[in-house]
Each structure stands twice: as structure tokens, then as C-alpha cells.
Amino acid sequence: MSAIALRVRPLRLRQLVATGVALGLAAAVFATADWAWQAVPRVSPLEELSYYPSGQHVRPATLGHAETAADLAWLRAIQYYGQHRVTDNRFDHLYHVFDILTTLAPRFESAYVFGAFALAQEGRRFPQAEALMLKGCENNPGSGRLAFETGFLYYVKPNGRDLERAAEYFELAANLPGHPDAARRFAAFCRQGSGSLVVAAALWQQVREHSSNAYLREIAERELARISEAIRTGRKDLARVRVTTPVVIVKPVP
Amino acid sequence: MNPQQPPAPAVQSSAAGPATWPDGSQPVVPGAADGAPAIRTEGLTKVYRGNWSLKTAVGLDRLDLEVRRGEVFGYLGPNGAGKTTTLKILTGLLKPSSGRAWLMGEPIDSIQSRRSLGFLPEQPYFYDHLTGVEYLEFAASLSGLPGREAARAARHWFGRIGLGGRDRLVLRKYSKGMLQRLGLGAALVHSPRLVILDEPMSGLDPFGRRDVRDLILEQRELGTTVMLSSHILPDVEMLCDRVAIVLKGRLERVATVSDLVHGGSRSVEVRVEGAPVVELPAAWQGRVARVERSGESVFTVSDPSLLQDVLARLVQSGAVIGAVTPVRGSLEELFMAAAEESAFRASGRRRSA
Amino acid sequence: MTAVLIARNTFREAIRDRVLAGVVGAGAALLLLTVIARPLAMGEGTRITVDLGLSAISFLGLLVVLMVGTNLVAKEIERRTIFNLLSRPIPRPVYLVGKWAGFAGALWAVAMALGVALWAVVAVLGQPGLGLAIAEAVFLAGLELSVITAIAVMFSAISTPVLSSLYTLGLFAAGQWSDDLRRFAERAPGAMRPMLDVIANLVPNLSLFNMRSLAASGDTAPVLQLGVAVVYALLYCACVLAIGAAAFESRDFK
């Protein structure tokens, strides 16, 4: 080794040594970062947002870029939902985050929809879901889509449909731009007072076929499965979502 | 003034008569009292006030100056004497604390005074991403040349200042000497009648300095008034008709270079080979000095009337005379003398204070 | 006209500066990123692309103003290029206006380039109809950047580059908060209220130029609002440049 060193010019040797040291350190940095990701517990991306009291307090900090901040929060919310859905099925921060998100971007319609249904169906927090949807309608009074989804939410309300309110919102939707074609039909169903499973199935079918949100499609799929089971066995109570302590499903994280 | 056609590549002076402007008009004869002088100041003063302290520093103290049309005027002084302050006030970059000044008859607070002015600031810097020709064109059009005139003048002067062939090079890549030449080009591109140059030779190699000297002499042929400030005495001596010396913000002296040269000492140096033994009469003491140098001796005869006798004595002693050279008075002497006088006056003021 | 000459020269210098090219590159890279992140967005990919794209134009534009714009005059003074200009028959206010116009023009060029890129991406992703809303948002962003540039030029004429950047950033932030200031003023005790109102009117009301909340849904602002924005921008720029010119007139260049 020393014979080789003697033959290499001093400058070249220094360059080689410096490069070697740099590469070695880079490898060490790489390994440490990788290990730290496994070993050090990380705060969930969404928990930071939960420290803000409200969207009104976050808005000034965005310096005019509230919509973009809302979009970034949306990405994180999606991630949070996906993560908790396969672990403990608890969505403690979901409402707060969507509340902030929709304050930052009041016209972000999909946020109201997804937030409300995730809260209602998965999170078992109907009052919060309702509050979110109503906020959406208030901020977007001309939105047929949101009115329709609000009606939908009341229709599939766990522990008993709220037909009165559902009808109200389906009718409202029918008179506003952007509503699905079936709005008037569903309004009629509600007025007839029929708490029909078939109607509910039709509503969920729409979501499964037309929603661009994969998570919403999953929710719809599950509901359809439950409804068809109930129809098959004639046990309507199966169609209702149980409002008891949620079952903790422990699955390995994929 | 707008030339009717592009400036000629060389001054058209000929046996037929004096040089002409490109537009055919005759230049002004140096020193002619034709209208207002090129530059005039009256009691021009600049006092600098410190930002946070009440201390003041006098940059310029009641300067009364006059530069005649068509002359090349030297403005001399050590660093910090107020040369650059004066030039910046004249060109509108500084506001005087008091006093007035006129360029070609126009008061300096009016923009018109700068219409026929070309200024080369000390150590000019420029825009990074322009090429030299683009910059000259920009400068020319800002000084009033219409579009195509500006373009032609720019290309002409770019070659004239010795940068030709490098028109694609951006200013960021220019050397110091190139920047200095470009600055000079920018001062001349619009054919001004008055040119003010602050240390025009700085940063240039001997070739560059020769080129600048040629340019200044060419401008003089055209009748342009040139005011140049410098602390390099030999250049000033060679180029200027008159010279002003400014020290610590005050004008110490104004003289013509020829007055000065003839008014200076008129010693003669006699170079003799080797180190011969020569006996000098006692009466010559103080008027003839002898200095030994390697391979030669130099006799400095400060009294010209003795010259013939000294030469005779040397030849008689068998010395081999190599050269007889008059020592001309120089600007340097004038400069040093003025500095001494000023120091003397200052100490006198201190003593009597 | 002399102002046009200076503007053209300033524009040329700015365009040839690597910073602007870098900014356009960064904006394009950001657009690409949002496209790559589409699967994560649960159907809201286009919204995210539009929001982030528009935010990038404003944000990157602001960065350019802070880094280069505040140097416009101050650097010329520092490097003494200004001696070559002001020793010519150019009134000083004309010089300032020319600098502003040239630089603002360069920023408009960047904004338009990024705006076109954004529209192209959005069109490829299937929603070419958003073009008008994007164009309007970009137009308003250009107005906003013109105002900020005027502020930067003003500070640059009277202060050092670093301080100019800080002051400009401060006035920018205050401008984003002008609406919050007004709301705060409404609830403030008697003596504070008129003072806060005055401040809210003096800082640039940048929210007038912020229609980003509409763009993602494809909505456009009413023409009246656009008109008000244009008039306000022109007035504000003129006022700020006049202040700068007045201060610049008596400045000594040692």
C-alpha cells in the first residue's frame, strides 16, 4: 500500500483521501437517517394543525396563500385518514383539521363532502359531520352539489334517517346549479316517507360509480355490501350502523 | 448637438485649415472668449456632515474656477483633495452646500447643462449582461442621439477605443483596462463639447495610456474642451494647456504648463564617464554639485551662466563628457511647492490662533 | 422617451440575469411535482395544481423582487453605474420610473410564462376551461407584483439593499393583513380605531389582487373588481414612486 502511495503524486493523494472521507461520511449520514426513520417516533403530520385554535388564526400566517395551505392540509388529511383507517379507526383530529381547512378555503367543496362522510361513517361523529356540511352550505349557498350531499348525509344518518331534513336539502339542491339529476327524485322519495333501503342503495351506488375519491368509493362499497346483506336476510337493523364503542381492528400496516 | 453624419474615424485636419466637426462646423480656437467659458464656478463649497455626529468635513472650500472653451485643463491634487468632489458637483451627482457653477453657460442645477457633457467617472462599472456596443448605444441615446445615430456612433466608438472585434463579450467579463476604455467611449460617443475625465489613465497599461492620450489630443483638435483630473503628473504635463492645483479643498494655484516649465529651475546636468578627478573652484560651491553613480559622474550646474566654464574645466581635466542635458522644471516641483506653501500657511494660522 | 430607454435596458438586464430563468425553472418544476402527486390527492389533483401554480407565481415573484428588485437602484449606486446615467440629461424621477417599468415588465413576462405553462398542464389534465380564471388570476398577480416592485424601488432609492428588502417584506406582509387590520379596527377601542383605519388604508391592500380562491373552481371575478384593482395598482405605484423620486432628488452620491 505504501508503495502505491509513494508512486501517487501528493496532490492526487490528497484528492483521493478527501473524496474517500466525503463518501464515507455520506454513507454514515444515509444510514443514520434511515435508522432514525425507523427508531425515532414521529409526530403525526396532522397533529401540528390541531394546535391551531381555528382557521381564522391560521389565515394571516399564510400571507395570501390560504388556498395552497388548505391544499397541503388536504393532502395531510388524506394521509391521516388512510393511516388511521387501517390501524385504530379513531379520527380524533379529523373534524378540527377539516374545520381549519374549510375556513382557509371556503369553496373547497370536496373537503366538506369527504370530511363529513368520513366523520359520519368511519368516525361515528354525526354531529360534527353535520356541522361541517352545514358550514359548507352556508359558505356556498349556490352549490347544488353541497346541498345534495347534505341531503344524502341526513338520509344515511346512523341510527335513523332524518327524512324531513333530507327532503329539504334534496329539494334545495334540485333548484341550484351543479346538482345531480336524481336530486328531485330523491326529494320525492323522502317526502313519501319511505325509509327505503333501495333508495339508500341507489344513493351509495352513485358515489361508487361517480366519485373521484377512492376513499369515498370504499365507504360506498362497504355500505352497499351491508345493505345488500340486510335486504337478503330481511334484517333491516343490519343496515343501521351500530353506535357502540368502535371495534378496534388491529391489522398490520401494509 | 446632433451630428448630421457619423463621426469620422480620424480628425480631418489638413493643410487646408483647422479640423472640422463631423457636421462641418468649425471648432473654437482655444482660449477664444467666445460666449461663456466652458466651466465656471463661483464660491463653490461642499461641506460633508457626518450621519450621526455633528462633525463636519470640508470637501471643497469656495472654489472659483474658470475653464476656457477648447482648452485641455488639468485638475491636480493628491487623494482626498477635492478633485472628485468638484467633478461630481459639476456633473450633477452632488449638490453643493453653497456657491454656483455653470457648464457652457448653463447653471448646473438645470438638466440642460449636461446635454453636451461627457463624463468619465473614476473606476466606472457597468451592467453585467450588456455587451459593450449595447452599452455605448444606450449611453448615446440617453444623451440625445436618435436611434440609428446612436447605433452607428456606438459601433464607431467601440472600434475607436480599441475594443473592436469583441462586440459579443458581455461587460461582466471585461478587464479593468477594458472597462476604462469603455467608460471613455461612453463619455465621447455622443460627441460632446465638454468632456470631464476623472483619472482617465487609471488601470491602463502603457499602450492604453498612449491611446487615451491620442484620444484626448484628437478631441482637442476638434475643439472639445477637456477637463481631466489626475494625480499622475507626467500625463498632465504632456496633455494640458493649463493646470489647477487643489489641496484640501482649496484652489492653490492655476498656471499654464509652459509658464511653469520655463519658470522653473534651469539646471543643466553634465554626464561624465567614470570618476575622474576634477578640481572645482570654491566659488562654484552651491552652484555645481557632483554625484557619483555606477560608471559615471553627474555634475548638476544650477547656475546656467557657469555652464561653459564647467564644460571647459571638465575637458581640461581630461574627463570624457557623455551628455549635457537641461533639467526642465516640472509639474512635480510646482506641486510640491504648492503643498509646502499650503502647509506653511496652515501652520502659520495655527501659530497665530 | 428617456424613461422607455431606461425601462428597456432594465428589462434586458433583468431577463438576462440567471435569477429569472431560475425562477421560471422552479415554477415549472413545482407544476411537475403537483402532477406527480396527483394520485395522493383523491381526485383533487387539478385543484392542487392550479392553487400551487398560482401561489408559485406570486411567491416566486415576491422572492425575485426581494432579491433583485431591491438592488435595482441601490446596486447601481454601490457599483457606481449610476454615475454614468445621472451625469446625462436625465431627470432623476424619470430614471426611477424607467427602472420600475423595466423590472415590472420582466416580472410580467415571468408571470405570463408560468401562467401559460399552468394552463397547458391543466388543459392536458382535462380542464382547459379553467383558462380564463387562470388568466385573470395571473393578471392580478402581475398587478400585485408591480405594486411590490414600486415599493422596492422606492426603498432602494433611499436605503441599502438589505434594509430595502426588509422594509419591502414588512410592507408586503402588512399589505396581506390589511383586511385583518380593518376587522381588528372595528372592534378596537375608540382612540385606536381611526388610527388603525388610516394604517389599513396606507398599506397596499394586496387582498384586492388575490382572486386565487376562485381560480380552482373556474370562477372569475366581476369586471368591476378587476377595474378597481387596476386603478388602485396604478395609483399606488404612482404614489410610491413619487415619494421615492422626491427623496432621490436631493440624494448625494459620494
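Data block above holds the structure.
Computed from a predicted model, the values in this text were never measured in an experiment.

Undergrad: For this particular structure, what's the right way to read the interface of chain B and chain C?
TA: Accessible area lost upon the coming together of the parts serves often as the stated size of an interface. Facing the 26 residues of chain B at the interface are 21 residues of chain C. Class assignment for the residues of the side of chain B that touches chain C results in 15 nonpolar, seven polar and four charged.

Undergrad: I'm lost on the nonpolar core in this one. Help?
TA: One broad trend across soluble globular proteins is that nonpolar side chains are buried collectively. In this structure, L136 of chain B together with V153 of chain C are the most contacted members of the largest nonpolar core, which totals 150 residues. Considering every element that reaches this core, the biggest residue donor is helix 7 (residues 131-158) of chain C, with 17 residues. In contact with V153 of chain C, other than residues within four places in its own chain, are G69, L72, V73, L96, K99, W100, L241 and G244 of chain C. Membership of the second largest hydrophobic core comes to 60 residues, among which are V97, A118, Y154 and F189 of chain A.

Undergrad: Just to check I follow, could you spell out helix 1 (residues 2-16) of chain C for this structure?
TA: Turn by turn, an α-helix covers 3.6 residues, leaving residues three or four places apart pointing in a common direction. Taking 1.5 Å per residue, 15 residues should reach 21 Å; helix 1 of chain C reaches 21 Å between its end C-alpha atoms and fits that length. Buried residues of helix 1 of chain C: I6, A7, N9, T10, F11 and A14 of chain C, and no others. Turning to helix 1 of chain C, the residues buried within the fold contact helix 2 (132-142) of chain B together with helix 2 (18-36), helix 3 (45-69) and helix 6 (92-124) of chain C.

Undergrad: Honestly, the interface of chain A and chain C in this entry has me stumped. Any pointers?
TA: Each partner contributes residues to the interface: chain A has 17 residues there, and chain C has 22 residues. Those elements that place two or more of their residues in the side of chain A that touches chain C are helix 5 (66-85) and helix 13 (214-233) of chain A. Broken down by element, the side of chain A that touches chain C gets its largest block of residues, six residues, from helix 5 of chain A. Class assignment for the residues of the side of chain A that touches chain C results in eight nonpolar, six polar and three charged.

Undergrad: Quick question: what am I supposed to make of the sheet that holds strand 14 (residues 321-326) of chain B here?
TA: Two strands in a sheet stick together by hydrogen bonds in their backbones, pointing the same way (parallel) or opposite ways (antiparallel). Residue and element names in this part refer to chain B. What the four strands build is an open sheet, ordered 12-13-11-14; its pairing is antiparallel. Every other strand in the sheet has two partners, leaving strand 12 (288-293) and strand 14 as the edge strands with one partner each. Shown here is a sheet whose adjacent strand axes are inclined to one another by a mean of 20 degrees, direction ignored. Where strand 12 lies against strand 13 (residues 296-301), six bridges are found, and the strand directions are antiparallel. Within strand 13, the position partnered with V288 by the bridge is V301.

Undergrad: What am I meant to see in the sheet that holds strand 4 (residues 98-103) of chain B here?
TA: Residue and element names in this part refer to chain B. With respect to topology, four strands assemble into an open sheet ordered 2-1-4-5, the strand pairing being antiparallel. Of all strands in the sheet, those with a lone pairing partner are strand 2 (56-67) and strand 5 (106-107), marking the two edges. Across two bridges, the pairing between strand 4 and strand 5 is antiparallel. Residue L103 lies in a different strand from strand 5, and its bridge partner there is E106.

Undergrad: Explain the pairing of strand 11 (residues 268-273) of chain B to me, please; I cannot follow it from the model alone.
TA: Regular strands place their side chains on alternate faces of the sheet. Residue and element names in this part refer to chain B. Pairing between strand 11 and strand 13: six bridges, direction antiparallel. Opposite E269, over in strand 13, you have T300 as the bridge partner. Note that strand 11 and strand 14 share five bridges and pair antiparallel. Looking at the pairing, V270 lines up with V324 of strand 14.

Rules used in this analysis
Residues numbered from 1 in each chain as written. Chains lettered and ligands numbered in written order. Predicted model: local features only at pLDDT ≥ 70, side-chain atom pairs only at ≥ 80, totals over all residues. Contact = placed C-beta atoms within 7 Å. Nonpolar A, V, L, I, M, F, W, Y, C, P; charged D, E, K, R; others polar. Core = buried A, V, L, I, M, F, W, Y, C linked by C-beta atoms within 7 Å. Buried ≥ 20, exposed ≤ 12 C-beta atoms within 10 Å, placed from the backbone. Helix = DSSP H or I, 4+ residues; strand = E, 2+ residues; numbered from the N terminus. Expected span 1.5 Å × (residues − 1). Pairing = 2+ DSSP bridges. Axes fitted to C-alpha atoms, helices over the stretch in contact; angles between N-to-C directions.

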